[in-house]
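Structural description and commentary
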Amino acid sequence: MFPDFEFCCDAFNKYELTLDKEKYEKLKTYAEFLVEYNKNVNLTAITDPEEILYKHFIDSILLDKYVQIPEGASLIDVGTGAGFPSVPLKIYRPDLKITLLDSLNKRITFLQLLCEKIGIDAEFIHGRAEDFSKKSEYREQFDFSCARAVANLALLSELCIPFVKVGGHFISMKGPTEDISSGLGAVEILGGNVSRETNYKVENEERRIIVIKKIIQTPTKYPRNSSQIKKKSL
Ligand code: SAM
């Protein structure tokens, strides 16, 4: 069973976050629907309700603590999977405009059903990031792009930076182990510049947020197609 309201408020407070009853109810419904749907469709390896609270919900929402996201900003979540980090973030920050992108349609279907159930607005895209960021309606249209646990920094930058407007930011949420120095060349080629790295812990697990500011337009030849991206990182 998902932890009760009091337990969740204490958990949020530990991370200097706040929770009200309405947001709690949405998170509870999310956790219950995720566990139920996960019995038939592979969405997450984490199914213990308390772990969902910390490792999925609080971890996602901490993005709001470590990155200044202006009121009403647009954000595309690349490889969102079961909605992390953008769906918990939208529950916490209803003013944000979120776009959920994943190459697996079964995950997008889950997200459409979930968002209807908990009453939140979102745009859904089933497809590969490298195909959609070439389309004029998505290229350099977002204030923020973000990705959690999708790939290494060089590859992720090619998938995520083309979506961001000049002056916007790409936020990469990672574990602590990757040496990001090998991705810095790719960041620069794609028009970005690492502006901040923050290390933090969620229940003793090390996490890292890397914020990349887009300083110039991405050259039109990027992203390359999937097979070229897979063959060799920038
Ligand atoms: N972000 C979620 C999280 O933190 O739980 C999901 C992470 S999961 C490890 C990676 C997701 O990225 C998968 O759902 C996969 O389908 C998606 N993905 C991988 N490459 C992609 C691409 N090129 N375009 C769109 N989605 C992609």
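You'll find the structure just up there.
Residues numbered from 1 in each chain as written. Predicted model: local features only at pLDDT ≥ 70, side-chain atom pairs only at ≥ 80, totals over all residues. Heavy atoms only, no water.

Description of the nonpolar core
F12, I58, V87 and F110 are the most contacted members of the largest nonpolar core, which totals 54 residues. Considering each element in turn, this core owes the most residues, nine residues, to helix α3 (residues 49–66). Each residue touching I58, except ones within four places of it in the same chain, is listed here: A11, F12, Y15, L17 and L53. In terms of nonpolar packing, the next biggest core, distinct from the first, is built from 26 residues, Y138, A147, F170 and A186 among them. (Core = buried A, V, L, I, M, F, W, Y, C linked by side-chain atoms within 4.5 Å. Buried < 20%, exposed > 50% of the residue type's maximum accessible area, 1.4 Å probe, protein only. Helix = DSSP H or I, 4+ residues; strand = E, 2+ residues; numbered from the N terminus. Contact = heavy atoms within 4.5 Å.)

A look at the packing of helix α2 (residues 21–37) against helix α5 (residues 105–118)
The relative placement of two packed helices comes down to the angle between their axes together with the axis-to-axis distance. Remark: α2 packs on α5, axes separated minimally by 10 Å, with the N-to-C direction vectors making an angle of 145°. The handedness of the crossing between α2 and α5 is right-handed. Mapping the contact onto sequence places K26, T29, Y30, F33, L34 and Y37 in α2 and K106, T109, F110, L113, L114, K117 and I118 in α5. Grouping the amino acids of the contact of α2 with α5 by side-chain chemistry returns eight nonpolar, two polar and three charged. (Axes fitted to C-alpha atoms, helices over the stretch in contact; angles between N-to-C directions. Left-handed = near helix turned anticlockwise from the far one by under 90°. Nonpolar A, V, L, I, M, F, W, Y, C, P; charged D, E, K, R; others polar.)

A short note on the site of the ligand
Taken together, 17 residues sit near the ligand, with G79, F84, D102, R107 and R148 positioned nearest. In the model, a nitrogen atom of the ligand is placed 3.2 Å from a nitrogen or oxygen of the S103 main chain. Here the ligand loses 78% of its free accessible area of 600 Å² to cover by the protein chains. By residue class, the composition of the shell around the ligand is seven nonpolar, five polar and five charged. (Near = heavy atom within 4 Å. Polar contact = N/O pair within 3.5 Å; in protein donor to acceptor, adjacent residues only side chain to side chain. Areas by Shrake-Rupley, 256 points an atom, 1.4 Å probe, with all protein chains shown as cover.)

What about the pairing of strand β5 (residues 164–174)?
Within β5, eight of the 11 residues are buried, leaving the element largely enclosed by the surrounding structure. Strand direction decides the pairing type here: strand β4 (residues 142–148) and β5, joined by six bridges, are parallel. Pairing of F144 across the sheet is with H169, part of β5. The β-α-β motif built from β4, the intervening helix α7 (residues 153–160) and the parallel element β5 has right-handed crossover chirality. Examined bridge by bridge, β5 and strand β7 (residues 205–214) share six bridges and lie antiparallel to one another. From the neighbouring strand, F170 faces β7, where its bridge partner is I212. (Pairing = 2+ DSSP bridges. Right-handed = clockwise from strand over helix to strand, strands pointing away.)

A few points about the packing of aromatic side chains
Counted under the stated rule, the structure contains 14 aromatic pairs. Ring centres 5.6 Å apart and planes at 15° place the aromatic pair Y30 and F84 in the stacked group. Of the two residues, Y30 is situated in helix α2 and F84 in the loop between β1 (74–78) and α4 (86–92); the sequence distance between them amounts to 54 residues. Of the two residues, Y30 and F84, neither departs from the other in class, the shared state being buried. An aromatic cluster is built from F2, F5, Y24, Y30, F57 and F84, whose rings are joined through pairwise contacts. Above the plane of the ring of F33 lies K117, whose end atom (NZ or CZ) is 5.0 Å from the centre. (Phe/Tyr/Trp six-rings, centres within 6.5 Å; stacked < 30°, edge-to-face > 60°. Lys NZ or Arg CZ within 6 Å of the ring centre and 35° of its normal.)

A few points about α3
With 18 residues, α3 should cover 26 Å at 1.5 Å per step; its first-to-last C-alpha distance of 25 Å lies within 8% of that length. The sharpest bend along α3 reaches about 35° and sits at I58. In terms of residue burial, α3 counts as a mostly covered element, since 14 of its 18 residues are buried. (Expected span 1.5 Å × (residues − 1). Bend = angle between axes of the 7 residues up to and from the residue.)

Observations concerning the pairing of β4
Among the seven residues in β4, six count as buried, and that is most of the element. Pairing of β1 with β4, which is carried by three bridges, proceeds in the parallel orientation. Considered in β4, the bridge of D77 is made with C146.

Let's talk about unusual backbone geometry
The peptide bond linking F84 to P85 adopts the cis configuration, its omega dihedral lying at 10°. Among the secondary structure elements, P85 is positioned in the loop between β1 and α4. One non-glycine residue, E140, lies in the positive phi region at around 50°. Tracing the chain through its elements places E140 in the loop between α6 (129–132) and β4. The backbone of E203 shows a phi angle near 45°, a positive value even though the residue is not glycine.

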